[in-house]
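# Coordinate inspection notes
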Amino acid sequence: MDERHHEHSTTRHITTKVREVLIEAADGVVDEAAREQADEAVLARVRAGDTAAYAVLVNRHAPMARRLAVLSGAGADTDDVVQEACVKAYRSLPRFRPGGRFRPWLLRIVVNETRNLHRGNTRRAERELRIVREELAAAPGGDPAEAALDLDRRAALLVALRHLPEDQREVVTCRYLLELSESETATTLGLRTGTVKSRLHRGLARLREELSRA
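Read on for an overview of the structure. What you are looking at is a predicted structure, and each value in this text was computed from that prediction instead of being measured.

The next thing to look at is the nonpolar core. The tendency in soluble globular proteins is for nonpolar side chains to be buried side by side. Core analysis: the biggest nonpolar cluster contains 43 residues, and Val-46, Tyr-54, Leu-68, Leu-93, Phe-102, Trp-105 and Val-110 have the highest contact counts within it. Taken together, the elements giving at least two residues each to this core come down to helix 2 (32-47), helix 3 (54-71), helix 4 (78-91), helix 5 (102-118), helix 7 (144-162), helix 8 (166-177), helix 9 (182-189) and helix 10 (193-213). If one sorts the elements of this core by residue count, helix 3 sits on top with nine residues. Sequence-distant contacts of Leu-68, that is, excluding residues within four places in its chain, are made with Leu-107, Val-110, Val-111, Thr-173, Cys-174, Leu-178 and Thr-188.

Quick look at the structure:
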């Protein structure tokens with residue numbers, strides 16, 4: 001009973017931390033190798049019993065996880081998807097291979113959670129376009145005319161992206177919208193690197209065709 005209570009209490013603590021971080025998280029540009037070393041150092045602290053250290057990982061990777069969820073079609077459920085992915089990642093840490101890369105592993109969970117949430121849903125594009133419009137409307141300053149043009153371009157891109165087959169759309173999203181490396185994209189989507197390259201080639205060709213007709 002004590003063990004169950006401890007596990008429930010710890011999970012509740014992590015869930016609370018995730019909620020806080022999702023509100024305050026901000027992106028940082030960090031060298032990939034240095035980031036992976038930093039992640040491994042934090043993971044070592046978590047494995048040693050410092051559960052609060054997990055919030056550092058959430059703070060570091062939640063912004064990208066959120067973008068991935070939005071682009072994958074989570075829409076209004078984006079924060080819930082990211083929160084659930086972060087909690088599931090925490091619970092699965094005992095099975096996470098030491099020396100593995102945390103970011104693509106977490107992003108793979110985000111992809112799976114979004115697939116489960118919206119499998120067969122045909123209204124993803126409308127939700128995504130609404131998110132884009134809200135983000136642009138909230139952006140401070142700037143030329144309104146340029147912002148409107150940027151909105152049109154991004155909207156056209158998202159519409160064209162939605163017309164791609166799911167396997168190609170996911171690869172294009174990871175490589176060019178999230179700027180993941182080929183190896184990170186492969187890990188995130190559970191693919192071989194060669195498969196990432198071939199799907200990317202087909203996806204970009206089809207995307208150019210879609211945009212030329214827009």
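The subject of this paragraph is the pattern of salt bridges. In this structure the tally under the stated criterion is ten salt bridges. A salt bridge links Arg-35 to Glu-184; the shortest N-O distance between them is 2.9 Å. Residue Arg-35 is located in helix 2, and its partner Glu-184 is located in helix 9; the two are separated by 149 residues in the primary sequence. As far as the burial class goes, Arg-35 and Glu-184 line up, both buried. Put simply, Glu-184 and Arg-103 hold a salt bridge, and the shortest N to O gap is 2.8 Å. Here Glu-184 is found in helix 9, whereas its partner Arg-103 is found in helix 5, with 81 residues between them in sequence. Taking relative accessible area as the criterion, Glu-184 reaches 1% and is therefore assigned buried.

The rules we used
Residues numbered from 1 in each chain as written. Predicted model: local features only at pLDDT ≥ 70, side-chain atom pairs only at ≥ 80, totals over all residues. Heavy atoms only, no water. Core = buried A, V, L, I, M, F, W, Y, C linked by side-chain atoms within 4.5 Å. Buried < 20%, exposed > 50% of the residue type's maximum accessible area, 1.4 Å probe, protein only. Helix = DSSP H or I, 4+ residues; strand = E, 2+ residues; numbered from the N terminus. Contact = heavy atoms within 4.5 Å. Salt bridge = Lys/Arg side-chain N within 4 Å of Asp/Glu carboxyl O.

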